[in-house]
Amino acid sequence: MAYQFDFAPVIDHADLLLAGAGFTLALTAVGAVFGIGLGTAGAICRAWKLRPFDRLFGVYVEAIRNTPFLVQLFFIFFGLPALGVRMGEWQAAVLAMVINLGAYSTEIIRAGIEATPRGQIEAAQSLALTRRQIFRHVVLRPALAKVWPALTSQVIIVMLGSAVCSQIATEELTFAANFIQSRNFRAFETYFLTTALYFAMALLIRQLLMQLGRHVIVGRAR
Amino acid sequence: MLVQFTTWDIVRNLLDAAKWTLALSLIAFVLGGLVGLAILFARISKHRALQAATKAYIEVFQGTPLLMQLFIVFFGLSLAGIDVSPWLAAAAGLTLFTSAYLAEIWRGCVDAVPKGQWEASATLALSYTQQMRHVILPQALRIAIAPTVGFSVQVVKGTAVTSIIGFTELTKTGSMLANATFEPFVVFGLVAAGYFALCYPLSLYAKRLERKFHVAR
Amino acid sequence: MSLVKIAGLHKHFGANHVLKGIDLDVARGDVVALIGRSGSGKSTLLRTINGLESIDKGELVVDGTALHDGRGDLRALRQKVGMVFQQFNLFPHLTAGQNVMLAPTVVKGTPKPEACDIAKEMLLKVGLSDKFDSYPDQLSGGQQQRVAIARALAMQPKVLLCDEITSALDPELVSEVLAVVRQLATEGMTLIMVTHEMRFAREVGNKLIFMHHGRIHESGDPKTVFADPQTPELANFVGAVQAA
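Residues numbered from 1 in each chain as written. Chains lettered and ligands numbered in written order. Predicted model: local features only at pLDDT ≥ 70, side-chain atom pairs only at ≥ 80, totals over all residues.

Engineer: Would you take a moment to explain the nonpolar core for this structure?
Structural biologist: Taken as a class, soluble globular proteins show a tendency for nonpolar side chains to be buried jointly. Counting residues in each nonpolar core, the largest one holds 203 residues, and the members touching the most others are A:Leu73, B:Leu70, C:Leu34, C:Leu191 and C:Ile192. With 14 residues, the single largest contributor to this core is helix α5 (residues 89-114) of chain A. Those residues in contact with C:Leu34 that lie beyond four places of it in its chain are C:Lys42, C:Leu45, C:Leu46, C:Ile192, C:Met193, C:Val194, C:Ile209 and C:Met211. (Core = buried A, V, L, I, M, F, W, Y, C linked by C-beta atoms within 7 Å. Buried ≥ 20, exposed ≤ 12 C-beta atoms within 10 Å, placed from the backbone. Helix = DSSP H or I, 4+ residues; strand = E, 2+ residues; numbered from the N terminus. Contact = placed C-beta atoms within 7 Å.)

Structure, rendered in structure tokens:
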């Protein structure tokens, strides 16, 4: 007997799915702002060799990039309470996303900073700009503009990765999908539509961030 | 029955589980590489429909969560009447995931071969296949080594997600041990250390290859 | 009978009409110099002759192999037309010898030992017989360009296209490459070259073509054309080049 696909039992719960999607986007937004902020700080410390922060950020970056997000999340949510650091599901999810994105964006932004042509800095020096002014106006802005597409991709990776936050019962999109399929017993259809929703969200974030990059970071609409 | 776990018991169990993480990583990487190669050739072929289909394939896998891909493979295969174990679903899902990423990385490497190389070989009357085989791919291969090794780290980390569909590897074993021992801090710390021990050498190697390549250019 | 015959050739890049009806005949043994400002269409014209740029309309015949309105056997055409590029475009993963051997073995099916002999002969011709096993990055720009010439010659082309082959070279390396080209010309090789070396064009060329806005604006014997330009555009161009 051929299987009859039936998406109606999923559509019935569309409100739950959309709420979950909204929560995933909210987590991602907060994670992106603080993650990229942390990454910028890390990149500055690394690029300027600010002791001892450059070393600390170096260890942090390697530790995060060489362990799975899911394990980082479990460590924060289940492990840290042993040290008396207790937090709720969504706080743990956001913290894990910030820490994860912070590590990757440290490396991405640092690469952008280090790719600044020598002549740019020399030209700024010859115009008598201070070190701080040079960094802000001549180095950082072009560096961010240059690596913005890579940062955008990384934000999307973090958003997609946040699906595993359902494992600590953060009520995001996958959590909603798990709940719905436990009710309607239509696992395939439920996850299929959820996947489509994630795909649409990834496209949306790319569009939004690329627009933002064009207007705010590059500073001109071309 | 209450079992008392020593730290050594935890480590021993985790080491045992790490074997499965390693095995799954290897299988996904090797099979994913083979499928990825097929995807790559379709992606860079002159056939429009093949190009479009493989482009969509890559975008879907790069634009959706690995967890969803695993769920769909798991439930999809069972709908197709195949009796799926978590092990099979994990291997199949990760293989597809890996193939999409590797195909895209490798396409980037083919694109990175300068246009002049295409033109010079074209003027020597080489056919498309001959250009690929003798001029473009040998150069793309050299460019590809470092990012390919780098991506292997993503595959190892990706295996952690298969714990959610019930495959008993390092993370799953860690969760069970954490529940049994009431020592989540130690257990997940050790689990993280285990992944680090697998991934960090690969990351270092990738970085060294990249540096060597840039010097050689 | 002409070796290369171009008739009514048109080429667009999008809305940009870059070649507006080119007619050109090149006889066996001719050395043709194509000159003109950048954007005049001279490089595009050269690149259409071996199909690197497609032809929208018109006819191209090289030694009996024809493209009508851009359709025809491109690979057969390319076996008759060699090309040397501004940026050398040697294959970096192959030695000088392997660079020269590749096309004869792969395209013509020449056995390896024979192809190896051809490669040695060609490298000898360009004065690099000792560099057979060197990789491109171990060679100077001038040497790389000479390998590129040897690579093109190994296919025994009927005509050799040279696209500003000395423009990317340090000044002191230009003469060694030009010496090779000069020798080819005296041996009777048919050459079509886009060049900025006006003196070389005058000394070695027997036909000069001045391109302007996608058309052949003026042509003739280099010595007379340079001495007595008929159009203000060419006079202007020659003046500008000589002043530089």
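Engineer: I keep staring at the interface of chain B and chain A and nothing clicks. Help me out?
Structural biologist: Interfaces are often sized by the accessible area lost when the parts come together. Every contact between the two is made by 29 residues of chain B and, on the other side, 31 residues of chain A. For the side of chain B that touches chain A, the secondary structure elements donating two or more residues are α3 (66-79), α6 (128-158), α7 (170-181) and α8 (184-216) of chain B. Sort the elements by how many residues they give to the side of chain B that touches chain A and α8(B) lands first, with 11 residues. Of the residues in the side of chain B that touches chain A, the class split is 22 nonpolar, six polar and one charged. (Nonpolar A, V, L, I, M, F, W, Y, C, P; charged D, E, K, R; others polar.)

Engineer: Honestly, the UniProt feature "domain: ABC transmembrane type-1" (unreviewed entry) in chain B in this entry has me stumped. Any pointers?
Structural biologist: When the UniProt feature table is mapped to this numbering, "domain: ABC transmembrane type-1" (unreviewed entry) covers residues 18-206 of chain B. Annotated as 83% helix and 0% strand, the span residues 18-206 of chain B places its first and last C-alpha atoms 22 Å apart. (UniProt positions renumbered as here; feature names shortened; annotations may be inferred.)

Engineer: Help me out: how do you make sense of the sheet that holds strand β3 (residues 31-35) of chain C in this one?
Structural biologist: Strand pairing in a sheet takes place through backbone hydrogen bonds and is either antiparallel or parallel in direction. All names here are of chain C. One open sheet accounts for six strands, arranged β6-β7-β8-β3-β9-β10; its pairing is mixed. Each of the sheet's edge strands pairs with one partner strand only, and the pair in question is β6 (81-84) and β10 (215-220). Adjacent strand axes in the sheet meet at a mean angle of 20 degrees, parallel and antiparallel pairs treated alike. Pairing geometry for β3 and strand β8 (residues 190-194), over four bridges, is parallel. When the bridges of β8 are listed, Ala-33 appears paired with Met-193. Its contacts with the sheet place helix α5 (residues 141-153) against β6 and β7 (159-163), and it is angled at close to 170 degrees to β6. (Pairing = 2+ DSSP bridges. Axes fitted to C-alpha atoms, helices over the stretch in contact; angles between N-to-C directions.)

Engineer: Even after reading the chapter, I still don't get the interface of chain C and chain B, so can you show me in this structure?
Structural biologist: Listed per partner, the contact involves 18 residues of chain C and 16 residues of chain B. For the side of chain C that touches chain B, the element with the most residues is helix α3 (residues 96-107) of chain C, which contributes four residues. Class assignment of the residues belonging to the side of chain C that touches chain B gives a composition of 10 nonpolar, six polar and two charged.

Engineer: Help me understand the sheet that holds strand β4 (residues 57-62) of chain C, please; the structure alone is not making it clear to me.
Structural biologist: Residue and element names in this part refer to chain C. One open sheet accounts for four strands, arranged β2-β1-β4-β5; its pairing is antiparallel. Each having just a single partner strand, β2 (16-26) and β5 (65-68) make up the two edges of the open sheet. Averaged over all adjacent pairs, the angle separating strand axes in this sheet is 15 degrees, with direction ignored. Note: strand β1 (residues 4-13) against β4, five bridges, orientation antiparallel. Bridge pairing in β4 links Lys-5 to Val-61.

Engineer: Help me understand the arrangement of the chains, please; the structure alone is not making it clear to me.
Structural biologist: Of all two pairs of chains that touch, the greatest number of contacts is found between chains A and B. One finds no contact linking chain A with chain C; the least C-alpha distance across the pair is 21 Å.

Engineer: Before we go on, may I ask you to explain helix α4 (residues 69-79) of chain A in this structure?
Structural biologist: For an α-helix the count is 3.6 residues per turn, leaving residues at separations of three or four pointing the same way. Burial within α4(A) is extensive, with 10 of its 11 residues counted as buried. Listed as buried for α4(A) are A:Phe69, A:Leu70, A:Val71, A:Gln72, A:Leu73, A:Phe74, A:Phe75, A:Ile76, A:Phe77 and A:Gly79.

Engineer: How do you make sense of the UniProt feature "transmembrane region" (unreviewed entry) in chain B when you look at a structure like this?
Structural biologist: Residues and elements named next belong to chain B. UniProt tags residues 20-44, 56-81, 87-106, 140-165 and 185-206 as "transmembrane region" (unreviewed entry). Spanning residues 87-106, this segment combines 100% helix with 0% strand, and its end C-alpha atoms are found 28 Å apart. Secondary structure within residues 185-206 divides into 100% helix and 0% strand; the distance between the first and last C-alpha atoms comes to 31 Å.

Engineer: Just to check I follow, could you spell out the packing of helix α9 (residues 187-217) of chain A against α3(B) for this structure?
Structural biologist: Pairs of packed helices are described in terms of their axes, by the angle between the two and the distance that separates them. Two numbers describe how α9(A) lies on α3(B): the axes approach to 9 Å, and their chain directions differ by 150 degrees. Judged by the inter-axis angle, α9(A) sits roughly antiparallel to α3(B). The element α9(A) and its partner α3(B) pack so that their crossing is left-handed. For the pair formed by α9(A) and α3(B), the contact residues are A:Ala187, A:Phe188, A:Tyr191, A:Phe192, A:Thr194, A:Thr195 and A:Tyr198 on the first element and B:Met68, B:Phe71, B:Ile72, B:Phe75, B:Gly76 and B:Leu79 on the second. A breakdown of the residues in the contact of α9(A) with α3(B) according to their chemical character gives 10 nonpolar, three polar and no charged. (Parallel < 35°, antiparallel > 145°, perpendicular 65-115°, else oblique. Left-handed = near helix turned anticlockwise from the far one by under 90°.)

Engineer: For this particular structure, what's the right way to read the UniProt feature "domain: ABC transporter" (unreviewed entry) in chain C?
Structural biologist: Per the UniProt record, "domain: ABC transporter" (unreviewed entry) is found at residues 4-238 of chain C. Measuring from the first to the last C-alpha atom of residues 4-238 of chain C gives 27 Å, for a span that is 38% helix and 26% strand.

Engineer: Teacher, can you tell me more about unusual backbone geometry here?
Structural biologist: What you tend to see is this: most non-glycine residues have negative phi, and most peptide bonds are trans. Cis geometry marks the peptide bond from A:Arg51 to A:Pro52; its omega dihedral reads -5 degrees. Examined against the element boundaries, A:Pro52 turns out to sit in the loop between α2 (14-48) and α3 (53-65). Despite not being glycine, B:Ala125 shows a phi value in the positive range, around 70 degrees. Structurally, B:Ala125 can be placed in the loop between α5 (115-123) and α6. Residue B:Ala125 is classed as buried on the basis of its C-beta count, with 24 C-beta atoms lying within 10 Å. Phi at C:Phe88 takes a positive value of approximately 65 degrees, unusual for a residue other than glycine. Looking at where C:Phe88 falls in the secondary structure, it is placed in the loop between β6 and α3. Among the residues examined, C:Phe88 registers 24 C-beta atoms within 10 Å and is labelled buried.

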